[in-house]
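Observations on chain architecture
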Amino acid sequence: MIRLSLLLTLLLAVALPARAAETGEEVVLGLSQQQVQITTGFTGSKILIFGAIKREAPIDPEELEVVVAIAGPSLPLIVRRKERQFGIWMNTDSVEIDRAPSFYAVATSGPLREVLTWTEDLRHRVSIPRMIRSVGAPGEVQDARAFTDAVIRIRQNNDLYQTLEGAVEVTEQTLFQTSIAMPANLTEGDYLTRVFLTRDGRVVNEFETVIDVRKVGLERFLFNLSRNQPLIYGLLSLLIAIIAGWGASAAFRLMQRN
Amino acid sequence: MQIYLPIAEVSVNIFLLLGIGGLVGVLSGMFGVGGGFLITPLLFFVGIPPAVAVATSANQIVASSISGVLAHLRRKTVDLRMGTVLLLGGLIGAAVGVLVFNYLRSLGQVDLLVRLCYVVFLGVIGGLMFVESVRAIRRSRRSGPAPRRRQRGWVHALPFKMRFRTSGLYISVIPPILVGLFVGLLSAIMGVGGGFIMVPAMIYLLNMPTKVVVGTSLFQITFLTGFTTLLHATTNYTVDMALAVMLLIGGVIGAQFGTRVGLKLKAEQLRILLASLVILVCAKLAFDLLVHPSELYTIASPLHQEEQG
């Protein structure tokens, strides 16, 4: 038994470096928090991402670059455009977008195009436009591109999409760290966090982990109740209103009597 | 201090919400109005998605009208029979209204519909009130007799007559049902109680005695907005309880102050103030519709509310 486990350890010890040998370098990652809890007082969250690069071989003279990307759950969207009709601005054209992350931040150790080539970006889907998938627009919309651009623009203005070039600090080609600020209007779900090590614009190693963003406590309770038991939720809202309205007038009448 | 609203999914300053609740409470105490027509646009302005604003303010109106109904029931100034007939129409109207609301929401036009309704109704009501109260002030200066209102019209020629003892009326049920229907429709689409439509309709169209008008309209509004709240909660999931509680706290306290301030002012002054306020809100909403928006695109998702541009 002992011998067997020894053998296994030995095999593993051989196997692991062998796999890493293709790249020679591996990411060891730490997160300041693995979980973001949306509470009643939630005003956003700052996540510190730090790590080290484990390597067996001596350091490659070519500069090592790091790309960190956090992506919220991808959802289908409808983008509408306003146009002036009868003197007022109203929604007219609309384009459905198959998938767009509700949150996306990409931080790099240098200018994005230098750190990652166009083909590598395409393969690994790293930059913001690569994360948005739009299959087709209805025939009457000629400029579907403007709609995808609008999603990026609006979400950038709300800090939901962020490109943080030069925000990853790399020390001695071994240690790296960055922090990403998440705004208050987050969607719940699993936030896929990816770290890419690149050399000369090519990805040499990739690491993935998940940050869990959840409503907790009262937020969780109310949200679940409103979706799972809408009638009870509605009745409860009414009850609160009735008690508040009736209670207040009763209380103030008591106060006036005294 | 920020509060994260679970259904609206936005983080808003807690004092801003308490303030809105308080302001509307003061106004409703001062003028004896439900305040729904102010609370919904104010919620738009602070970035609450329109669908959530409409549904939640319906819930808020239940609270602000229930204490009124109880007071009127004690004084026996509620025509329960008329209230029930109005309510019957109202429930049908609200159901249709929610259907229209949901259909337009899927088309992406609900925001426009709500805003247009507000501009039209606030404009008309505010304008009429303003003109009326300016006239009233002039009249009180000249201290002439108030003009008689017209009696008996086409309303009395309709079939299905019914006796309403408390109001001392014997009229067809068709006009009250139509009035109720219309108010129900507005309640579902605009998140208002509809008192500002119903009270004039009851006085001028149905010829109800003034002393039962307010109580009866409050009776109808309480049940109607309660029903609307439930409809929105079960079909749209857009009632935000945390938002409602914040507004309620502000509203309850504000109403008590408002009642006191209201007692110190003259009725005509009050009405001019209210009219100017209504016109101001209307102008702001109209301005937003007419001026070139800074962001032409909006994002909506089938599962979530609209994002602000």
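For every chain, the first residue of its written sequence is number 1, and the numbers climb from 1 along that sequence. For naming, the first written chain is A and the first written ligand is 1, with later ones following in the order written. Thresholds applied to this predicted model are a pLDDT of at least 70 for local features of residues and 80 or more for the giving and counting of side-chain atom pairs; totals over whole chains, interfaces and linings are not thresholded and use all residues.

With that out of the way, let us pick up the overall build of chain A. Strands are runs of DSSP state E lasting at least 2 residues, helices are runs of H or I lasting at least 4, and numbering of each runs from the N terminus. The secondary structure content of chain A amounts to seven helices and twelve strands. Buried, partly exposed and exposed are defined by the number of other C-beta atoms within 10 Å of a residue's own C-beta, namely 20 or more, between the two limits, and 12 or fewer respectively, with C-beta atoms placed from the backbone. For chain A, buried positions account for 29% of its 258 residues. When contacts within chain A are restricted to residue pairs at least 6 apart in sequence, long-range pairs at least 24 apart make up 72% of them. Here contacts are defined at the residue level, using C-beta atoms placed from the backbone and a cut-off of 7 Å between them.

Looking now at the overall build of chain B. Tallying secondary structure elements over chain B gives ten helices and five strands in all. Relative to a compact globule of 309 residues, whose C-alpha radius of gyration would be 19 Å, chain B shows 20 Å and is just as compact. By its C-alpha atoms, chain B is 55 × 45 × 40 Å across when sized along the principal axes. Looking at chain B as a whole, 51% of its 309 residues qualify as buried. Long-range pairs, those at least 24 residues apart, make up 79% of the contacts in chain B between residues at least 6 apart in sequence. Computation of the radius of gyration draws on C-alpha atoms alone. For the globule rule, the value is 2.2 Å times the number of residues to the power 0.38.

Once that is clear, we can look at helix α3 (residues 50–74) of chain B. Residues and elements named next belong to chain B. Helix span is expected to be 1.5 Å times the residue number reduced by one. With 25 residues, α3 extends 37 Å from end C-alpha to end C-alpha; this agrees with the ideal 36 Å at 1.5 Å per step. Working definition for bend: take the seven residues up to and ending at a residue and the seven starting at it, fit an axis to each, and measure the angle between the axes. Of all the bends in α3, the greatest, near 30°, is centred on Ser65. Of all 25 residues in α3, 20 are buried, a share of seventy percent or more. Phi turns positive, to about 55°, at Lys76, one or two residues after α3.

On to the interface of chain B and chain A. Taken together, the 47 residues of chain B in the interface contact 47 residues of chain A. For the side of chain B that touches chain A, the secondary structure elements donating two or more residues are β1 (2–5), β2 (10–13), α3, α8 (210–235), α9 (241–264), α10 (267–290) and β5 (297–300) of chain B. In terms of residue count, the dominant contributor to the side of chain B that touches chain A is α3 of chain B (eight residues). Its residues assigned to classes, the side of chain B that touches chain A comprises 29 nonpolar, 15 polar and three charged. At least two DSSP bridges between two strands are needed for those strands to be called paired. The pairing of strand β5 (residues 74–85) of chain A with β5 of chain B spans four bridges and is classified as antiparallel. Its bridge partner being in β5 of chain B, Arg81 of chain A is matched across the sheet by Tyr297 of chain B. Put simply, Ala, Val, Leu, Ile, Met, Phe, Trp, Tyr, Cys and Pro go in the nonpolar bin, Asp, Glu, Lys and Arg in the charged bin, and everything else, Gly too, in the polar bin.

Turning our attention to the sheet that holds strand β3 (residues 45–55) of chain A. Backbone hydrogen bonds are what pair the strands of a sheet, in a parallel or an antiparallel way. Residue and element names in this part refer to chain A. Spatially, four strands are ordered β1-β3-β10-β9 in an open sheet, and the strand pairing comes out antiparallel. Each edge of the open sheet carries a strand with a single partner, namely β1 (25–31) and β9 (169–171). Looking at each pair of strands side by side, their axes are set apart by 20° on average, direction ignored. Relative to strand β10 (residues 175–182), β9 runs antiparallel, the two sharing three bridges. Within β10, the residue paired with Val170 across the bridge is Phe176. Only the stretch in contact is used when a helix axis is fitted, and all axes are lines through C-alpha atoms; the angle between N-to-C directions ranges over 0 to 180 degrees.

Moving on: the sheet that holds β5 of chain A. What the three strands build is an open sheet, ordered β6(A)-β5(A)-β5(B); its pairing is antiparallel. Since the sheet does not close on itself, it has two edges, and those belong to β6 (88–101) of chain A together with β5 of chain B, each with one partner. Across the sheet, the axes of successive neighbouring strands diverge by a mean angle of 25°, strand direction being ignored.

A few words now on the packing of helix α1 (residues 14–31) of chain B against α9 of chain B. Any two packed helices are characterised by how steeply their axes cross, that is the angle between the axes, and by the distance between the axes. All names here are of chain B. Relative to each other, α1 and α9 sit at 40°, their axes nearing to 5 Å. In this structure, α1 meets α9 at a crossing whose hand is right-handed. Of the residues that constitute the contact of α1 with α9, the class distribution is 20 nonpolar, 13 polar and no charged. Working rule for handedness: look at the near helix, and if it is turned counterclockwise from the far one by less than a right angle, call the crossing left-handed; if clockwise, right-handed.

Attention now moves to the pairing of strand β3 (residues 161–164) of chain B. All names here are of chain B. Direction of pairing for β3 relative to strand β4 (residues 169–172): antiparallel, over a ladder of four bridges. Among the inter-strand pairings, Phe164 is bridged to a residue of β4, identified as Leu169. Hairpin remark: β3 followed by β4, antiparallel, with four residues in the connecting loop; positive phi at Gly168, about 65°.

This paragraph deals with the confidence of the model for chain A. Residues and elements named next belong to chain A. As a per-residue measure, pLDDT tells how confident the predictor is, with possible values from 0 to 100. Within chain A, residue pLDDT values average 82, and 89% of them lie at 70 or more. Taking the mean pLDDT of every element in chain A, the minimum, 44, falls on helix α1 (residues 2–21) and the maximum, 92, on strand β7 (residues 104–108). Scored below 50 in pLDDT, residues 4–21 shows three contacts in the model against residues more than four places distant or in partner chains.

Attention shifts here to the domain arrangement of chain A. Along its sequence, chain A is organised into domain 1 (23–215) and domain 2 (216–258). Breaking the side of domain 1 of chain A that touches domain 2 of chain A down by element, the ones donating at least two residues are β2 (35–38) and β12 (202–215) of chain A. The domain boundaries here were taken from an automatic or database domain assignment.

All names here are of chain B. Direction vectors running N to C along helix α4 (residues 80–107) and α8 enclose 30°, while the axes themselves pass 9 Å from each other. It follows that α4 is roughly parallel to α8 by the angle criterion. Two packed elements cross with a definite hand, and for α4 against α8 that hand is right-handed. Contacts between α4 and α8 pair Met82, Gly83, Leu86, Leu87, Gly90, Leu91, Ala94, Ala95, Val98 and Asn102 from the former with Thr216, Phe219, Gln220, Phe223, Leu224, Phe227, Thr228, Leu231, His232 and Thr235 from the latter. When its residues are assigned to classes, the contact of α4 with α8 shows twelve nonpolar, eight polar and no charged. Roughly parallel means an angle under 35 degrees; roughly antiparallel, over 145; roughly perpendicular, 65 to 115; everything else is oblique.

Residue and element names in this part refer to chain A. Not every positive phi belongs to a glycine, and Arg125 is a case in point at roughly 50°. One can find Arg125 in the loop between α3 (118–124) and α4 (128–131). The phi torsion at Glu172 lies on the positive side, around 50°, for a residue other than glycine. Judged by the 9 C-beta atoms lying within 10 Å of it, Glu172 is exposed.

Bringing the environment of Val245 of chain B into the picture now. All names here are of chain B. With respect to the secondary-structure elements, Val245 resides in helix α9. With 20 C-beta atoms counted inside 10 Å, the residue Val245 sits in the buried group. Taking the C-alpha atoms as reference points, Val245 and Thr56, separated by 189 residues in sequence, lie 9.8 Å from one another.

Turning our attention to the nonpolar core. By convention the nonpolar core is taken to be a set of buried residues drawn from Ala, Val, Leu, Ile, Met, Phe, Trp, Tyr and Cys and joined through C-beta atoms within 7 Å. Counting 135 residues, the largest nonpolar core has Val67 of chain A together with Leu5 and Leu243 of chain B as its most contacted members. The leading source of residues in this core is α8 of chain B, at twelve residues. When we break this core down by domain, the ones giving at least three residues each are domain 1 (23–215) and domain 2 (216–258) of chain A.

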